[in-house]
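Given next are the chains, with one letter for each unit.
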Amino acid sequence: MKDPILVSNSFPFSLIRRRVTAEPREIEELRETLRTRPWASFWGHTNTLEAAGAMAGVDLSPKTARPAISLNEEGLPTLDGMIFRECWLLSPYYVPGFRPSPGEEVTAKNILGWQVLRMEWEQR
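The rules behind each value
- Residues numbered from 1 in each chain as written.
- Predicted model: local features only at pLDDT ≥ 70, side-chain atom pairs only at ≥ 80, totals over all residues.
- Heavy atoms only, no water.
- Helix = DSSP H or I, 4+ residues; strand = E, 2+ residues; numbered from the N terminus.
- Rg over C-alpha atoms; globule rule 2.2 N^0.38 Å.
- Buried < 20%, exposed > 50% of the residue type's maximum accessible area, 1.4 Å probe, protein only.
- Contact = heavy atoms within 4.5 Å.
- Areas by Shrake-Rupley, 256 points an atom, 1.4 Å probe, with all protein chains shown as cover.
- Lys, Arg positive; Asp, Glu negative; His and termini not counted.
- Charge placed at Lys NZ, Arg CZ, Asp CG, Glu CD.
- Phe/Tyr/Trp six-rings, centres within 6.5 Å; stacked < 30°, edge-to-face > 60°.
- Arc of directions from axis to C-beta.
- Pairing = 2+ DSSP bridges.
- Axes fitted to C-alpha atoms, helices over the stretch in contact; angles between N-to-C directions.
- Core = buried A, V, L, I, M, F, W, Y, C linked by side-chain atoms within 4.5 Å.

K.L.:
Please explain the overall build of the protein as it appears in this structure.
P.N.:
Summing up its helical and strand segments, the protein has two helices and eight strands in all. What you see in the protein, going N to C, is helices and strands ordered as β-β-α-β-α-β-β-β-β-β. Its C-alpha atoms give the protein a radius of gyration of 14 Å, within 12% of the compact-globule value 14 Å for 124 residues. In terms of its C-alpha atoms, the protein occupies a principal-axis envelope of roughly 45 × 30 × 25 Å. Residue burial in the protein is summarised as follows: out of 124 residues, 41% are buried. In the protein, once contacts between residues fewer than 6 apart in sequence are set aside, the share between residues at least 24 apart is 72%. Surface exposure of the protein reaches about 7,500 Å², of which carbon and sulfur atoms provide 52%. Looking at the protein, you have 15 positive and 16 negative side-chain charges, and the mean spots of the two groups are 3 Å apart.

Right under this line is the structure:
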């Protein structure tokens, strides 16, 4: 079985305790990865969840509301008993001048596209 991946709208920099690389990737690569590998979501912004799921082709709802990741003894993120070496981050491109208010539901008309980043924790 292939290693699981995390999917989210952000990753807390305070939990980066070892070398990580991040690089832009294409949406289709994300979709293929979600189809072929186990994954877990710790999506934090409900206002973009539906639109992100539609773009990714899967329901990105986390298993629990507001899940919190932690680190194992090697400094790798963990969630629901799984250890991850890879996290895919999705963030929307909004129409110029638009900034959602806290808790505001973002409609598809305000999202022009998506940025996809793949983070990878290096082996020690």
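K.L.:
Explain the packing of aromatic side chains here, please?
P.N.:
The geometry of an aromatic ring pair comes down to the distance between the two centres and the angle between the two planes. Under the definition given, this model contains three aromatic pairs. Ring geometry for phenylalanine 11 versus phenylalanine 42: centroids 6.1 Å apart, planes at 85°, classification edge-to-face. With phenylalanine 11 in the loop between β1 (5-8) and β2 (20-25) and phenylalanine 42 in the loop between β3 (39-41) and α2 (46-56), this pair connects stretches of sequence that are 31 residues apart. Phenylalanine 42 shares its class with phenylalanine 11; the two are buried. Residues phenylalanine 11 and tryptophan 121 carry aromatic rings whose centres are separated by 5.2 Å and whose planes lie at 65° to one another, so their mutual orientation is edge-to-face. Taken together, the residues span a long stretch of sequence, with phenylalanine 11 in the loop between β1 and β2 and tryptophan 121 in strand β8 (residues 111-121) at a distance of 110 residues. In terms of burial, phenylalanine 11 and tryptophan 121 fall into one category: buried.

K.L.:
What should I look at first to understand helix α1 (residues 27-36) in this one?
P.N.:
Spacing of three or four residues puts side chains on the same side of an α-helix, whose turn is 3.6 residues. Taken together, the buried positions of α1 are Leu30, Thr33 and Leu34. The arc that holds the buried residues of α1, viewed along the axis, is 100°, so those residues lie on one side. Looking at the buried positions of α1, the neighbouring elements they touch are β1, β3, α2, β7 (86-94) and β8.

K.L.:
Just checking my understanding: could you explain the sheet that holds β8 for this structure?
P.N.:
Sheets are built from strands paired through backbone hydrogen bonds, the pairs being either parallel or antiparallel. Taken in spatial order, the five strands line up as β2-β8-β7-β1-β3 in an open sheet, and their pairing is mixed. Of all strands in the sheet, those with a lone pairing partner are β2 and β3, marking the two edges. For this sheet the average axis-to-axis angle between neighbouring strands, irrespective of direction, equals 25°. For β1 and β7, the ladder comprises three bridges, and the chain directions are parallel. Note on β7: the bridge partner recorded for serine 8 is leucine 89. On the sheet, α1 packs against β1, β2, β3, β7 and β8 and is oriented at approximately 135° with respect to β7. Contacts from α2 reach β7 and β8 within the one sheet, and its direction differs from that of β8 by about 80°.

K.L.:
How should the nonpolar core be read in this particular structure?
P.N.:
Note on soluble globular proteins: their nonpolar side chains tend to be buried together. Grouped together as the largest cluster of nonpolar side chains are 18 residues, with contacts concentrated most on Leu30, Leu60, Leu90 and Trp114. Taken together, the elements giving at least two residues each to this core come down to β1, α1, α2, β7 and β8. Sorting elements by how many residues they give to this core places α2 first, with five residues.

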